[in-house]
Amino acid sequence: MSTTYVNGRSIPAATQPNTLLVHWLRDALGLTGTHLGCDTAQCGACTVLLDGLAVKSCSVLAVQASGRHVTTVEGLARPDGTLHPVQDAFIACHGLQCGFCTPGMLMSTVALLAQNPRPSEADVVQALEGNLCRCTGYVNIVAAVHQAAATLRQEAATLQQESTTLSQETA
Amino acid sequence: MNAPDSFTQAGRYGSGHTVRRIEDPALVQGQGRYTDDVMPAGQLFLRFVRSSFAHGRIHSIHTAQAQAMPGVVAVYTGADLAAAGVKPLAPAGGFKQPDGSAMNPPPKHALAVGTVRHVGECVAAVVAESREAARAAADAVLVDIEPLPAVADAVAALAAGAPLVWEGAPGNVLAEMQHGDAAATIAAFARAQHRISLPIVNQRLAPSPIEPRAVLAYIDEGRLTVRLSSQMPTGVRGGLVHCLSGVSSARSNDNVRVLVGDVGGGFGMKTALYPEDVVTAYAALHLQRPVKWQAERVEEFLTAVHGRDLLSRAEMALDAHGKVLALRIRSWANVGALPTGAGVAIQLLIGPWVTTSIYDIETIHLQISAVLTHTAATGAYRGAGRPEAIYTLERLFDAAARELQMDAAEIRRRNMIRPDQLPYKNPMGQTYDSGNFEQLLDQGLVLADWQGFAARRADSAQRGLLRGRGIATFLEWTGGNALEENVQVRITADGHIELTSATMAMGQGIATSYAQLAVDVFGVPIERIRILQGDTDRANGFGSAASRSLFTGGAAALVASQRAVEAGKPLAAGALEAGVADIEYAAGRYSVAGTDLGIGLFELAQRQPGGVILADGGAKASAPTWPNGCHICEVEIDPATGRTQVVAYASVNDIGRVISPGIVRGQVEGGAVQGIGQALCENVVYDAEGQLLSASFMDYALPNVDGFLGFKTAFDERMPCLTNSLGAKGVGELGTIGATPAVVNAVVDALVNAQKSAPKSVQMDSQTGAGQGRSAECLQMPLTAEAVWRALRGTYPPAVLPG
């Protein structure tokens, strides 16, 4: 039996050929953080990571995720409950109001920052072009992405410093 | 025990501070609880069969084939519902036909009976064990509809010999209303030095919260329970009881419970009861099983209420100095085929209330017709009547400024109500309590660097771009004339303070604002406060709409919290063996004055029967609030493509006392982007036969992240509201109302002045006399790249008005 890896867990892969990934995540796995907002791949509320890339789960069949890694918004926080820096930045910058588009915004942002740790405003705009928000006017969303990028860069620098120190000590 | 150790930090979370919203930790972790996230075991899926014609006679509906398909549990038609005793939705009312008789709208059946009157009207419903089975079976329902001629806009509906939408509305005029003094207005126009006349189109919009409507109905302990995405749970309950009272076990409010969890945006669209709600509830009653209907986006475009859709001939009379002598506005509102009460009231009454805005204009004559067409109903959408009225007036002011060759800010200043005129009663009989409109204007001009515009325009021209500047100074009405709220407080032994309110969260952060007000009273960290909403078993009221929640529900939260502290004093006196008069409260602790004797709030709760301290309290505002603002926008237009970009936006806003600074800024700026959407891109389009052409986000252009992000937003708190105990004024709709006229005025300004500042290619066009000057005042929304590009070449769409 083939497997799909969802938020790091091995799950028997979907077998229904006509089930969308978003419905499988929500109905079969109870991962209701991934939302369905438009049915035509415009709004991006259903965005998840498929092998690290942001995809709209309303436009992917569940069976296509077989053998692959899916990350949903439920998989962002650390196991100890600490919020992911992107989640924290959205709260800190008031980057959400009703919260319905937010999981998609978060996943698109995580995908962007994995590729591009220091995005320009144009980069952010391009990365979020496929995500609609009706509440915020996007102002605070873009601010949150920049804040999250800064936090992640700082974390990466700290990690690097620690490992350098460690290797020096070992040497 | 349970004594929180960080109470001294609590002050940082009270009113007036920007805090992390208490709603957010769940929402960013995918732990929100929107309606479709609740999936009870054995849940059935409901799918509607909808009319594909705008107007037609239903000859037959064959359901046998669908009924026999695997997984299908039930198929319903309008006849089935009528036979079961389901009544049509409560009709819109309260207004009169032109001949003075009461308005007489068509019956709004939950499923169509006999006739269909707009594309998407529900004709039948299929309930099945799975989403896929419901879809397949809905496709197998055979509906034979004989198409009839249709009218899709007010002009067509009012034309001689137009097909009638409903025999109860002769000439397709459902209702009509006049305001003001016709004779005095004629006299004022006769003596005026200047007269302005503009056709104004407020196009139809789709509110488009990102969460589509959803309904889950089930039977809980013998009682109909309906969970849905709504701003008005109590109103929904009343509407369901009205429709289902003939069906056993839903006879009264006691037999129906409405629950609302997280709401993924409302914007007014989720205030009404919808036919889909009634059918889903009926199916659950009939089948005695949980039934879920989750709208697809196309269904939102087809049957969720639309906003605006008002055509106007707007006229302004002025003296030689720019003082407005009178306004005369003739408007036609397309309210759809099966109108909502709100949709009619918004255009006939609510918009007119602010028609003279912040200006001292004594003489008006308004005539508004509500016109039936074969389209979806209009209803509440962010601003609801005020955007239409303010847009109309602010367009007139800019045209008047050009006519008199005056500065656009100066002509407004000359007409503004002065502080010494407050309280001021406008010609619609509405009284403004507070404000300082000129003070806002002055601050707005500074924030926008009004004086520096010429240099920026020259700079844009250097880059081959046309720059324009627009201003809107305005006010709006808030409160929905539902000005009273009550809040229950429950202090629990486990260390929480719960406030229960009948107002409804829908993303506006109202829970955080209430919590901040409670922190002011209790002096505990905000994490200790919980806000409960969305359960008609716990609280009932008007719900959240018309920017009313903070100044009604927030005021009640404050009073109830104070009552709770007082309620604890005799209990503390008992626990501490002291006199009540000696008990003091601060920061989560009761103490005996002048001693170190004390007891924690939550410890005191634990000692009570049931482990709780209970209190409730209410507040009633004595009048609506009148938030107001000065919004100034600058745009750049690429003459090669017509693409318009907002490049600067400054606003100064008077919303009275600010409770949550971060939240209100988000409301104003997010709201402004919706207003920019109307100005530049959004448009619900039906073709002449009533087919909806803009039925997805591929065709309906919602503002995207590539728009403007650099708002300068300020608040002037020096004019608190005088008619409610908080001093707050509603903030939810202000940005939307101000942005539309500010942006459109900026684009018109750019086009009018293109000759002066334009690059060569456009100057050549202008030499033909086309595309420039005051002809640009004919521009109508949305100002898409194509509309602006054509305008630059002298082509304007004819603004067709009835008659």
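Quick caveat: nothing in here was measured; it's all calculated off a predicted structure.

All right, on to the overall build of chain B then. Of the regular secondary structure elements, chain B holds 22 helices and 28 strands. Compactness check: chain B gives a C-alpha radius of gyration of 28 Å against a globular reference of 28 Å for 803 residues, within 12% of the reference. Judged by the C-alpha coordinates and their principal axes, chain B covers about 90 × 75 × 50 Å. The long-range fraction of contacts in chain B, counting pairs at least 24 apart against all pairs at least 6 apart in sequence, stands at 81%.

It is worth spelling out the overall build of chain A at this point. Helix and strand counts for chain A stand at five helices and five strands. Reading the secondary structure of chain A in the N-to-C direction produces β-β-α-β-β-β-α-α-α-α. In terms of C-alpha radius of gyration, chain A reaches 17 Å, essentially the compact-globule figure of 16 Å for 171 residues. By principal-axis analysis of the C-alpha atoms, chain A measures approximately 55 × 45 × 25 Å. Across chain A, every contact between residues at least 6 apart in sequence was considered, and the portion connecting residues at least 24 apart equals 63%.

Looking now at the sheet that holds strand β4 (residues 53-56) of chain A. Residue and element names in this part refer to chain A. A sheet is described by the order of its strands in space; here five strands give the open sequence β2-β1-β5-β3-β4, paired in mixed fashion. Among the strands making up the open sheet, the edge pair consists of β2 (9-12) and β4. Each neighbouring strand pair of the sheet contributes to a mean axis angle of 35°, computed without reference to strand direction. With four bridges joining them, strand β1 (residues 3-6) and β2 adopt antiparallel strand pairing. Following the sheet pairing, Y5 is matched in β2 by S10. Strand contacts of helix α3 (residues 102-115): β3 (47-50) and β4, with the helix running at about 35° to β3, the strand carrying the most contacts.

The interface is formed by 43 residues belonging to chain B together with 44 residues belonging to chain A. Within the residue set of the side of chain B that touches chain A, elements represented by two or more residues are α1 (24-28) and α18 (661-680) of chain B. Here the element with the most residues in the side of chain B that touches chain A is α18 of chain B; it accounts for six residues. Of the residues in the side of chain B that touches chain A, the class split is 17 nonpolar, 16 polar and ten charged.

A separate point is the domain arrangement of chain B. Residue and element names in this part refer to chain B. Domain parsing of chain B yields domain 1 (7-32 + 481-620), domain 2 (41-151 + 208-303) and domain 3 (444-479 + 624-796). Computed from C-alpha coordinates alone, the two centres of domain 2 and domain 3 are separated by 38 Å. Here the residues of the side of domain 2 that touches domain 3 are counted per class, giving six nonpolar, three polar and one charged.

Further remarks concern the packing of α18 of chain B against helix α19 (residues 734-752) of chain B. Residue and element names in this part refer to chain B. Their axes nearest at 6 Å, the elements α18 and α19 cross at an angle of 40°. Relative to α19, the element α18 is oriented oblique. The hand of the α18/α19 crossing is right-handed. In contact with Q667, V668, E669, G670, G671, A672, Q674, G675, I676, Q678, A679 and L680 of α18, α19 contributes L734, G735, T736, I737, G738, A739, T740, V743 and V744.

Conventions we followed
Residues numbered from 1 in each chain as written. Chains lettered and ligands numbered in written order. Predicted model: local features only at pLDDT ≥ 70, side-chain atom pairs only at ≥ 80, totals over all residues. Helix = DSSP H or I, 4+ residues; strand = E, 2+ residues; numbered from the N terminus. Rg over C-alpha atoms; globule rule 2.2 N^0.38 Å. Contact = placed C-beta atoms within 7 Å. Pairing = 2+ DSSP bridges. Axes fitted to C-alpha atoms, helices over the stretch in contact; angles between N-to-C directions. Nonpolar A, V, L, I, M, F, W, Y, C, P; charged D, E, K, R; others polar. Domains from an automatic or database assignment. Parallel < 35°, antiparallel > 145°, perpendicular 65-115°, else oblique. Left-handed = near helix turned anticlockwise from the far one by under 90°.

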